[in-house]
Amino acid sequence: MADTTPKVPETPLILHHLNNSRSQRILWLLEELNVNYEIKYYQRQPDMMAPKELRDVHSLGKSPVITDGKHTIAESGAIVEYLVSRYGNGKWRPAEGTDEQLQYTYWLHTAEGTLMLPLLLTLILGAAIAETPFIVRLVPYIMRREINTRMIEPNLKAQYDLIEEHLSKNEWFAGSQISGADIQMVFPIDIISGQMDKFLGEHTRAWLEKVRSRPAYIKALEKGGPFNMTKL
Ligand SMILES: N[C@@H](CCC(=O)N[C@@H](CS)C(=O)NCC(=O)O)C(=O)O
């Protein structure tokens, strides 16, 4: 039976949540863990950057950030590790020294360490072209084509294939149990689904559907505000 007892902290943990951002996955994890938490909402500026108030919380001014008592923690991977170890009741990460733990660590780091880079480059190059006056747009357009062909596309293709192969053999990223690795991987896979859906393999798609049907994920979406990865 699901444990619905609120965990410590007695004082609510605060999630500093930027709309339509990586913070959505932390919101999902907080719902899964049934932690006592509150959301402080921040809205992206017209240029998509976070408002300056976020810099008062953490000097980098990025989201997600959480405040839990005396701790202010930035960087989604670090937040996931903190929440899972403090409030996970032994779940959400595999036992030390197991093969599953290796998978957990690998995918937890891959999300931000490898997969986000080509995805961000794609978004940045698209934005750069859109902001270049039409008359000289050919230059960034050719640059994008070259960078795409040489760097972005081969890297992304290798990533899609690796993810698909892994999920064809494993129910979740760290094996048979859902874990913090799934929390980390959902953001880049949501971007791929929103912007390059045809590249998602059938097992990756099935994993995403399974994630999206979880009550905690649905509740997190309701609390987090519009989440749309078709445009970033
Ligand atoms: N690697 C960091 C990235 C944090 C990050 O860049 N967050 C974006 C939202 S998805 C942000 O705050 N953007 C607004 C800005 O840079 O001003 C993490 O995973 O937490």
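Rules and cut-offs
- Residues numbered from 1 in each chain as written.
- Predicted model: local features only at pLDDT ≥ 70, side-chain atom pairs only at ≥ 80, totals over all residues.
- Heavy atoms only, no water.
- UniProt positions renumbered as here; feature names shortened; annotations may be inferred.
- Helix = DSSP H or I, 4+ residues; strand = E, 2+ residues; numbered from the N terminus.
- Near = heavy atom within 4 Å.
- Polar contact = N/O pair within 3.5 Å; in protein donor to acceptor, adjacent residues only side chain to side chain.
- Areas by Shrake-Rupley, 256 points an atom, 1.4 Å probe, with all protein chains shown as cover.
- Nonpolar A, V, L, I, M, F, W, Y, C, P; charged D, E, K, R; others polar.

- For the protein chain, the name recorded in an unreviewed UniProt entry is glutathione transferase, with Umbelopsis vinacea as its organism.
- UniProt, in the comment section headed Catalytic activity (unreviewed entry), describes the protein chain in these words: "RX + glutathione = an S-substituted glutathione + a halide anion + H(+)".

### Regarding the UniProt feature "transmembrane region" (unreviewed entry) in the protein chain
Logical step 1: The UniProt feature table records "transmembrane region" (unreviewed entry) at residues 115-136.
Logical step 2: Segment residues 115-136 splits into 77% helix and 0% strand. End C-alpha atoms: 31 Å apart.

### Considerations on the site of the ligand
Logical step 1: Close contacts around the ligand come from 13 residues, with A50, K62, S63, E75 and S76 the closest.
Logical step 2: A50 places a polar main-chain atom, nitrogen or oxygen, 2.8 Å from an oxygen atom of the ligand.
Logical step 3: S63 places a main-chain nitrogen or oxygen 2.8 Å from a nitrogen atom of the ligand.
Logical step 4: Notes on the ligand: free accessible area 510 Å², of which the protein chains cover 85%.
Logical step 5: For the shell around the ligand, the class distribution of residues is 4 nonpolar, 3 polar and 6 charged.

### What to know about the UniProt feature "domain: GST N-terminal" (unreviewed entry) in the protein chain
Logical step 1: Here the UniProt-annotated "domain: GST N-terminal" (unreviewed entry) positions come out as residues 10-91.
Logical step 2: Taken end to end, residues 10-91 has its terminal C-alpha atoms 21 Å apart, with 34% of it in helix and 24% in strand.

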